[in-house]
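Chains, contacts and geometry: an overview
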Amino acid sequence: MKEILASSSPTVNSLSQKDRRRALISSFLGSTVEYYDFVLYGAAAGLVFPALFFPETIGLALGSSLSFVVLLAGYISRPVGGVLFGHFGDKIGRKSVLVITLMVMGLVSVCIGLMPTYETIGIAAPILLVVLRIVQGLAVGGEWAGATLMAAEHADQGRQGFSASVAVAGGPAGSVLATLVLGLFAGLPDDAFFSWGWRIPFLLSAVLVIVGLYMRYRVTESPYFSEARRAGEIRTGVPILRVLRRYPLSSLYGILATAGPLFMQALLAVWLVPYVAAQGVVSRQEALYMLTFSSVLHIFAIPLFAWLSDRYGRRPVMLAGAGVSVALVFPMFALFNSGSYWLYALGFVVGNPIIQASMYGPIGAFLAEKFETLDRYTGVSVTFQLGSVLGAGTAPLIADWLFDLGDGGTNSIAWYFIGLIGVSALAVFLSKETLAHRKHRSTPNNRGSDSALAMS
């Protein structure tokens, strides 16, 4: 089987630095919008939606659980979106699909910001919220993979890991913007915040989308896809069926490797912010700002670990990250249970730029290098999004359940995370290293080969 991203093709070599920069900025902005919307909804699910979109008679605890179920519904629709948009991304190109996904994500966020509450339209409010989250989930399902691939496929030889991580780093950038903006409005009096204050951050998503669409309009198509199209290699058939037939183990390992770090990401953004605020030591605004500060560090930590994977390999860095995650998860929860303002803040720093980023930083290149060009969009979309359902989508519900299970509290959540990160580490261990293989094949005689590093 041919490798992916193994060597620089003539089309890749002909790209100007301006083309590469546009691709990186466009990918970064797309991921920023994606995670701005995700973190915004996740934070609002714990702080706002239980009181506004569900009947008062069910209580805030059940309302919070139902808000998390709606969050999960959006995650479940993501793999479907990955199949749908991945199909067209592998057939007609990355660029056109990414314009659509970005536009849909932004429109849904604006619609959520304009939604009437349960008090106004009754049961139609949570139903409409579910529909909007499912539609947004479909778009997000095609966004992450496309943005990551556009960055990696425009990259200089030997920098695919770092370039892919620029798109991945859009995640914490979106988290910074979301928590910062929501935190500003969370400082309003309760009447103002629950009436109109929470809506403004959702409506501001339109600004990010407009800037992102402008950049995407100007970016060039993926050089790998353009070369394959010129060579007449665009295949008939259904990409998802090829992925299932040709890459079953690669897909499985990708799903499992992604689940562990994404669980921690969602746990921090969705569950731990209201958990910390409920202890009475810090306000909801201060808890959001703590997450914001850790996310700023996260923006730089992700490319750092990706850069290390370009030098030392995807597997060694990700396995070391798994070891770090296991070693630090109990100390992290001890910080969150300390009752100390500054130790809470340190807990978010340990969780985001250290535990989460250490295994997540190389994930873009790790997944992209498992599939060939004409199956890559679909393959990366489906593996990442199924991993996000398994890890991030279920995180707040599992955390709620484990916390109330017996006397375990946060210890039960920590043990679950250790088990999940162990599964992720095993999947990485069973995957073959792609970095050394790529460098070995990157010779003049092999230039122009279409390689995905599909070898697991």
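One structure accompanies this document, and this report is about it. (Residues numbered from 1 in each chain as written. Predicted model: local features only at pLDDT ≥ 70, side-chain atom pairs only at ≥ 80, totals over all residues. Heavy atoms only, no water.)

1. Here we look at the nonpolar core
- Within the largest apolar cluster, 118 residues are counted, with the highest numbers of intra-cluster contacts made by F49, W144 and L272.
- Per-element accounting of this core gives the leading share, 17 residues, to helix 14 (residues 248–278).
- Not counting the four nearest positions on each side in its chain, L272 is found in contact with L267, M332, F333, F336 and F348. (Core = buried A, V, L, I, M, F, W, Y, C linked by side-chain atoms within 4.5 Å. Buried < 20%, exposed > 50% of the residue type's maximum accessible area, 1.4 Å probe, protein only. Helix = DSSP H or I, 4+ residues; strand = E, 2+ residues; numbered from the N terminus. Contact = heavy atoms within 4.5 Å.)

2. As for the packing of helix 16 (residues 314–336) against helix 17 (residues 341–360)
- Here helix 16 crosses helix 17 at 165°, and the two axes come no closer than 8 Å. Judged on the interaxial angle alone, helix 17 and helix 16 are roughly antiparallel. In this structure, helix 16 crosses over helix 17, and the sense of that crossing is left-handed. Mapping the contact onto sequence places V317, M318, G321, A322, V324, S325, L328, V329, M332, L335 and F336 in helix 16 and L343, Y344, L346, G347, F348, V350, G351, I354, I355, S358 and M359 in helix 17.
- Residue composition of the contact of helix 16 with helix 17, by class: 17 nonpolar, five polar and no charged. (Axes fitted to C-alpha atoms, helices over the stretch in contact; angles between N-to-C directions. Parallel < 35°, antiparallel > 145°, perpendicular 65-115°, else oblique. Left-handed = near helix turned anticlockwise from the far one by under 90°. Nonpolar A, V, L, I, M, F, W, Y, C, P; charged D, E, K, R; others polar.)

3. A short note on the pattern of salt bridges
- If you walk through the whole model with that rule in mind, you get nine salt bridges.
- E143 serves as the salt-bridge partner of R216, at 2.5 Å between the closest nitrogen and oxygen. Within this pair, whereas R216 is found in helix 11 (residues 205–218), its partner E143 is found in helix 7 (residues 124–153), the two being separated by 73 residues in sequence. E143 shares its class with R216; the two are buried.
- Among the ionic pairs, D310 bridges to R314, the shortest N-O distance being 2.9 Å.
- On the accessibility criterion, D310 (6% relative accessible area) is buried.
- Taken together, the salt bridges that share partners define one network made up of D90, R94, E153 and R376. (Salt bridge = Lys/Arg side-chain N within 4 Å of Asp/Glu carboxyl O.)

4. Here's the deal with the environment of V281
- Inspection of the secondary structure assignment puts V281 in the loop between helix 14 and helix 15 (284–312).
- Along the backbone, V281 and Y344 are 63 residues apart, and their C-alpha atoms lie at a distance of 9.5 Å.
- Apart from residues lying up to four places away in sequence, V281 is in contact with E286, G339, Y341 and Y344.

5. Observations regarding the environment of L267
- Position of L267 among the secondary structure elements: in helix 14.
- Take L267: its relative accessible area is 0%, and that puts it in the buried class.
- As for L267 and V108, which are separated by 159 residues in sequence, their C-alpha atoms are 23 Å apart.
- The contacts of L267, once residues within four sequence positions are left out, are L272, F333, A395, A399 and I413.

6. Points about helix 21 (residues 410–430)
- Helix length check: helix 21 (21 residues) gives 30 Å between terminal C-alpha atoms against 30 Å at 1.5 Å per residue, within 8%.
- T410, S412, I413, A414, F417, I418, L420, I421, S424, A425, A427 and V428 are the residues of helix 21 that are buried. (Expected span 1.5 Å × (residues − 1).)

7. Concerning the packing of aromatic side chains
- Throughout the structure, instances matching the rule amount to 18 aromatic pairs.
- Grouped by ring-pair contacts, the aromatic residues Y41, F49, F53, W198 and F202 constitute a single cluster.
- A cation sits over an aromatic face here: K95 above Y217, 5.9 Å from the ring centre.
- Over the face of the ring belonging to Y224 we find R376, whose NZ or CZ atom lies 5.5 Å from the ring centre. (Phe/Tyr/Trp six-rings, centres within 6.5 Å; stacked < 30°, edge-to-face > 60°. Lys NZ or Arg CZ within 6 Å of the ring centre and 35° of its normal.)

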